[in-house]
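# A closer look at the structure
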Amino acid sequence: PIYEPEGEGPGYYRWERTMRAIGFAPGDIVLNCFGYHLTPAAAMFEEGAHAVGCVVVPAGIGNGELQVAVAAHYGATGYIGLPSYLKVLLEQAKKSGVTLAVAKALVLAEKLPESLRAEFQREHGIHVRQGYGTAELGAIAYECEAAGGFHLDPGVLVEVVDPATGAPVEQGTPGEVVCTPLNPLYALLRFATGD
């Protein structure tokens, strides 16, 4: 995304509902491992975490050894980022002999295999849930505590369509995700996500 507008009001990207649904709460210290450079991703999740009362460590991605030291020093209880990067940080912590306090994680932007989710829970005691969104739209869908599927964020209308025709597909049929956000500051109608 280039030159996307960003509203100044609270909840512009609507991630606070997701944060609450997966258990982030006031007082959590969250390691935000999305980039703060040339993308709104980190800002989106920082906004959502602050809205529910979390303290945010603006970590970005890279330099795993330093990330682990910072997470341990601040007693980070939450993580936001790629599932693969959470795995990298946990491996680095083990290698460094550091115990992390991370107990919950919101992962996005890549597939979370159920085997990896189970590993995070079994080996590290980390409750991991997924979110889905884009830079243009903010939050689209998220898992809750039950992890029984995704809830649609009420701030966006979601369609699944045939990518060739734009016509809605039958329930259970694969198609492209097309969204219309209920956003008075950025008029996007039937935005084709490519997903």
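Since the structure is predicted, the reported quantities are computational estimates derived from the model, not experimental observations.

The subject of this paragraph is the overall build of the protein. The number of helices and strands found in the protein is 5 helices and 10 strands. Relative to the 2.2 N^0.38 estimate, which gives 16 Å for 195 residues, the radius of gyration of the protein is 17 Å and therefore close to what a compact globule would have. With the C-alpha coordinates aligned to their principal axes, the bounding extent of the protein is approximately 55 × 35 × 25 Å. Split into buried and exposed, the 195 residues of the protein put 47% on the buried side.

Turning to empty space enclosed by the protein, a few remarks are in order. Applying the stated rule across the entire model yields 2 cavities of 30 Å³ or more. Its boundaries defined by the atoms lining it, the largest cavity holds a volume of some 40 Å³. Considering only residue class, the lining of the largest cavity consists of 4 nonpolar, 2 polar and 2 charged. Around the second largest cavity sit Leu31, Ala71, Tyr79, Leu86, Leu89, Leu90, Leu100 and Val102, which together line it.

On to the sheet that holds strand β3 (residues 78–81). The 7 strands lie next to each other as β2-β1-β3-β4-β5-β6-β7, forming an open sheet whose pairing is mixed. Edge strands, defined here as strands with exactly one partner in the open sheet, are β2 (55–58) and β7 (151–152). Across 3 bridges, the pairing between strand β1 (residues 29–32) and β3 is parallel. If you follow asparagine 32 over to β3, its bridge partner there is isoleucine 80.

Turning our eyes to something else, we now look at helix α2 (residues 41–51). Taken together, the buried positions of α2 are occupied by Ala41, Ala42, Met44, Phe45, Glu47, Gly48 and Ala49. Immediately beyond the C-terminal end of α2, within one or two residues, lies glycine 53, with a positive phi of roughly 90 degrees.

The next thing to look at is helix α4 (residues 83–96). A rise of 1.5 Å per residue sets the reference length of α4, with its 14 residues, at 20 Å; its end C-alpha atoms lie 20 Å apart and thus fit the reference within 8%. Residues of α4 that are buried include every one of Pro83, Tyr85, Leu86, Leu89, Leu90, Gln92 and Ala93, and no others. Buried positions along α4 lie against β1, α3 (64–74), β3, β4 (104–107), α5 (114–124) and β5 (127–134). Trailing α4 by a residue or two, glycine 97 shows a phi angle of about 70 degrees, which is positive.

Space inside the largest pocket adds up to approximately 340 Å³. For the largest pocket, the lining is made up of 23 residues, of which Leu108, Ala109, Gly131, Tyr132 and Gly133 are closest to its centre. When residues of the lining of the largest pocket are traced back to their parent elements, those giving at least two are α2 and β5. Broken down by element, the residue count for the lining of the largest pocket peaks at 5 residues, all from β5. Looking at the lining of the largest pocket residue by residue, the class counts come to 14 nonpolar, 6 polar and 3 charged.

Reading the values: rules and limits
Residues numbered from 1 in each chain as written. Predicted model: local features only at pLDDT ≥ 70, side-chain atom pairs only at ≥ 80, totals over all residues. Heavy atoms only, no water. Helix = DSSP H or I, 4+ residues; strand = E, 2+ residues; numbered from the N terminus. Rg over C-alpha atoms; globule rule 2.2 N^0.38 Å. Buried < 20%, exposed > 50% of the residue type's maximum accessible area, 1.4 Å probe, protein only. 1 Å grid on protein atoms, 1.4 Å probe; cavity = no way out; pocket = protein on both sides within 12 Å on 5 of 7 lines; lining within 4 Å. Points joined across faces, edges and corners; volume = space filled by probe spheres on them. Nonpolar A, V, L, I, M, F, W, Y, C, P; charged D, E, K, R; others polar. Pairing = 2+ DSSP bridges. Expected span 1.5 Å × (residues − 1). Contact = heavy atoms within 4.5 Å.

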